[in-house]
Amino acid sequence: MVELSARVKTMTSSPTLKLVQIKKQLEAQGKVILDFGAGEPDFPTPENIKNAGVEAIRGNFTKYTPTSGIAELKKAIRATYLAEQGIDAKDAQIVVSPGSKYGLFILLQAVVNPGDEVIVPLPYWVSYPEMVKFCGGSVVFADHLQPERRFQLTAASYISRCSPRTKAVIVNSPSNPTGKIMAGAELAELIAFCHPQGILVIVDDCYRKIMYTDEPYPSPLALVPEAGEQVAVVSSLSKTYAMTGWRLGYSITCEPLAAAMTKIQEHSTSNPCSISQKAAVEALAGDQGAVCAMVAEYRRRRDYFARRVDGIGNISYALPDGAFYFFADFSHYIGEKGFQDDNQLAMDILEKLNIILVPGSAFGAPGHLRISYATSMQDIREGLDKLEAYLKP
Ligand SMILES: Cc1ncc(COP(=O)(O)O)c(C=O)c1O
């Protein structure tokens, strides 16, 4: 028996990826599953992006690339942030990675020492605590579960948890699982508090193009100019461009941190996929029509969801402002049906209705369920019909 490292023994499997396996198993048994668990767009990658990938293959762009990404892609990333947020980043600040998940992983590996505290939002995206623990860091939660300010991302919730051991805070806006966006003033307050103390503010903005408000996305790298090196952005093409399988993300940090991350990437994965990088250039620099269409459709689904959930009653939620998840409190029905927790409710729904929902416990919020609307309107209608009949027999 191989003796596993102490590090990996503390790591738990991703509950959301586990659901993908369960779905495959059930489908193999011939069941038709309505999947509201998915953390990925139901849309195909837009044609122009796919074509750029095909062209890359045909043009033999199939070899190793510079570790931190090709110049053409860095240029497209720079142009995007300049146009959207007025940020004039340098190539040396950008590290393109195989997915933002890996980008965040190497970022944390580059800054967290054993014993350091990293503040993670609660409810949290499932990988944050595991990544922090893997670095030997301690996870501290910034609680955003207060019922009177449901899921609102506030500076105070982070600042109240800061200590002399805090090395970094992670902000996820729009949030997975709540869809809430941290207002510019709150983010500025947090950055202004953190930077004089050498606390790094890491902003995961991978859903920033999937928003349903008219407010512009606050620019973390520009909000507090004197914060300089103490703000880092981690981003992704997965959600915006329906490119989850291409594995393409990137980060913008100060140059020394980008150099350190590049070193880790050099010795772990060499570079992000060459073909995906070419496709990403087209995604960022090409026509954005497909993104607008997808976001409009997500918005339509969100509004439909809200109407139907209101109709069912006794489910409290905060209307998501971005991303494609509804995160709702099902405590009433957990109690009414005599279940112990959200896991039991989700399992019963899966067994009886063939519907996948993710238990809130996976995000540190028992009593809740996460319902993804990155699935077809037809499935959403059918799923909500079944759910309504189940909850209100
Ligand atoms: C909040 C958040 N950050 C990062 C990621 C990772 O995305 P990717 O590695 O595909 O870029 C996800 C994926 O679900 C996410 O929800």
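What you see is a predicted model; the values in this text were computed from it and never measured.

**Side note on the domain arrangement of the protein chain**
Part 1 of the reasoning: Entries for the protein chain in the domain assignment read domain 1 (6-45 + 289-391) and domain 2 (60-285).
Part 2 of the reasoning: Of note, the centres of domain 1 and domain 2, computed from C-alpha atoms alone, are 25 Å apart.
Part 3 of the reasoning: Listed by partner, the interface residues are 33 residues for domain 1 and 33 residues for domain 2.
Part 4 of the reasoning: Listing elements by their share of the side of domain 1 that touches domain 2, those giving two or more residues are helix 2 (15-28), helix 12 (289-312) and strand 10 (325-329).
Part 5 of the reasoning: Considering each element in turn, the side of domain 1 that touches domain 2 owes the most residues, six residues, to helix 12.
Part 6 of the reasoning: Looking at side-chain class alone, the side of domain 1 that touches domain 2 contains 18 nonpolar, nine polar and six charged residues.

**Brief notes about the pairing of strand 10**
Along any regular strand the residues' side chains alternate between the sheet's two faces.
Part 1 of the reasoning: With five of five residues buried, strand 10 lies mostly within the body of the structure.
Part 2 of the reasoning: Burial along strand 10 is two-sided: the face carrying Tyr325, Phe327 and Asp329 and the face carrying Phe326 and Ala328 are both buried.
Part 3 of the reasoning: In this structure, strand 9 (residues 316-317) lies alongside strand 10, joined through two bridges in antiparallel fashion. Its bridge partner lying in strand 10, Tyr317 is registered against Ala328.
Part 4 of the reasoning: Here strand 10 runs beside strand 13 (residues 368-372); their pairing, made up of five bridges, is antiparallel. By the bridge assignment for strand 13, Asp329 is matched with His368.

Reading the values: rules and limits
Residues numbered from 1 in each chain as written. Predicted model: local features only at pLDDT ≥ 70, side-chain atom pairs only at ≥ 80, totals over all residues. Domains from an automatic or database assignment. Contact = placed C-beta atoms within 7 Å. Helix = DSSP H or I, 4+ residues; strand = E, 2+ residues; numbered from the N terminus. Nonpolar A, V, L, I, M, F, W, Y, C, P; charged D, E, K, R; others polar. Buried ≥ 20, exposed ≤ 12 C-beta atoms within 10 Å, placed from the backbone. Pairing = 2+ DSSP bridges.

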